[in-house]
Amino acid sequence: MPERLHYLLAANYHDLNEIIQEKIYYDFYDLVYGIIVYIVKDHSAAEDIIQEAFLKVIRKKPKFENEQKMKSWIKVVTRNTAINYLRKNKHYRNHVDSDSVFINIEPHNPEPSVEQTVETKILEEAIVCYLDRLKPEYKLLIEYRWKLGLSYREIAEELDTDENVVRQRLYRARESIKKMLYKEWGEIDAKKFTKVGTRI
């Protein structure tokens with residue numbers, strides 16, 4: 001089934017026929033469901049968040065130059081809706097695990113805020129997806145660095161190469177991830193990745 005979100009670029013949602021409206025909603029749902037259920041770990045809560053976010057989107061949607069920018073905005077709205085939901089529902093807040101798989105963010109206090117926890121999860125989820133888009137050599141380097149926690153020297157020894165080569169390739173890999181993050185999420189999240197990326 002072709003995606004119908006592009007209808008929102010040129011048309012008012014309420015002016016569209018019911019069949020198109022329904023298809024737009026399900027395309028919206030497919031776009032954001034994975035990341036929301038990853039954050040809250042609960043299907044029902046994710047559906048509530050998606051419905052609330054969708055209503056915000058169709059009520060307050062600004063004009064966009066292209067569909068990609070609109071999708072980035074939709075993801076930001078949905079993320080903010082998830083943060084507000086977690087603030088109000090302590091039950092679901094307790095389901096959020098703040099431990100990172102690939103990113104270690106040093107908290108400023110013993111208990112990270114809801115915003116920090118959600119943002120960490122979102123970055124983490126995005127990076128997991130982006131790893132599969134990298135060149136195999138870059139993906140391997142990042143896995144050695146993040147998953148196994150190897151030093152530059154240890155990675156160089158493992159790959160029988162020079163330590164400076166490892167540094168340069170890891171830098172290129174980080175830049176590739178940052179570009180993908182910027183394309184999908186915008187400048188704010190790309191800057192956040194830049195801060196945590198220095199620890200990789």
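Please refer to the structure higher up on the page.
Residues take numbers from 1 onward in each chain, read along the sequence in its written order. Totals for whole chains, interfaces and linings use all residues, but because this is a predicted model, local features are given only for residues with pLDDT of at least 70 and pairs of side-chain atoms are given and counted only at 80 or more. Calculated side-chain values reflect all of the structure's heavy atoms, with hydrogen atoms and water omitted.

K.L.:
Help me understand unusual backbone geometry in this model?
P.N.:
For residues that are not glycine, phi is negative in most cases, and the peptide bond is trans in most cases. If you check the backbone angles, Asp160 has positive phi at about 55 degrees while not being a glycine. As for its placement among the helices and strands, Asp160 is situated in the loop between helix H8 (152-159) and helix H9 (163-185). The cut-offs for exposure are 20% and 50% of the maximum accessible area for each residue type, with area from a 1.4 Å probe on protein chains only; residues under the lower value are buried, those over the upper are exposed, and the others partly exposed. With relative accessibility at 74%, the residue Asp160 sits in the exposed group. Numbering of helices and strands runs from the N terminus, with a helix taken as a DSSP run of H or I at least four residues long and a strand as a DSSP run of E at least two residues long.

K.L.:
Even after reading the chapter, I still don't get the packing of helix H7 (residues 136-147) against H8, so can you show me in this structure?
P.N.:
The geometry of a pair of packed helices is captured by two quantities: the angle between their axes and the separation between those axes. In contact at an axis separation of 10 Å, H7 and H8 are set at 135 degrees when each is read in the N-to-C sense. The orientation of H7 with respect to H8, classified from their angle, is oblique. Here the hand of the crossing between H7 and H8 comes out right-handed. Across the interface between the two elements, Leu140, Leu141, Tyr144 and Arg145 from H7 touch Tyr152, Ile155, Glu158 and Leu159 from H8. Three residue categories are used. Nonpolar comprises Ala, Val, Leu, Ile, Met, Phe, Trp, Tyr, Cys and Pro, charged comprises Asp, Glu, Lys and Arg, and polar comprises the others, including Gly. Tallied by class, residues from the contact of H7 with H8 come to 6 nonpolar, no polar and 2 charged. To obtain each axis, a line is fitted to C-alpha atoms, and for helices this fit is confined to the stretch in contact; angles are then taken between N-to-C directions over 0 to 180 degrees. An angle below 35 degrees is read as roughly parallel, one above 145 as roughly antiparallel, one from 65 to 115 as roughly perpendicular, and any other as oblique. Definitions for this section: a left-handed crossing has its near helix turned counterclockwise from the far helix by less than a right angle. A right-handed crossing has that turn clockwise. Contacts are residue-level and defined by heavy atoms, with any inter-residue pair within 4.5 Å sufficient.

K.L.:
Sorry, what's going on with the pattern of salt bridges here?
P.N.:
Pairs can form between side chains of opposite charge once their charged atoms are near each other. When a carboxyl oxygen of Asp or Glu lies within 4 Å of a side-chain nitrogen of Lys or Arg, that pair is called a salt bridge. Summed over the entire model, instances satisfying the criterion amount to 5 salt bridges. In this structure, Glu67 and Lys71 form a salt bridge, with 3.7 Å as the shortest nitrogen-oxygen distance. With Glu67 and Lys71 both in helix H4 (residues 67-88), this residue pair falls 4 residues apart, about one helical turn. Given the relative accessible area of 23%, Glu67 is considered partly exposed. Salt-bridge contacts for Arg167 lead to Glu163; the nearest nitrogen and oxygen are separated by 3.4 Å. Of the two residues, Arg167 and Glu163 are both situated in helix H9; the distance of 4 residues between them amounts to about one turn of the helix.

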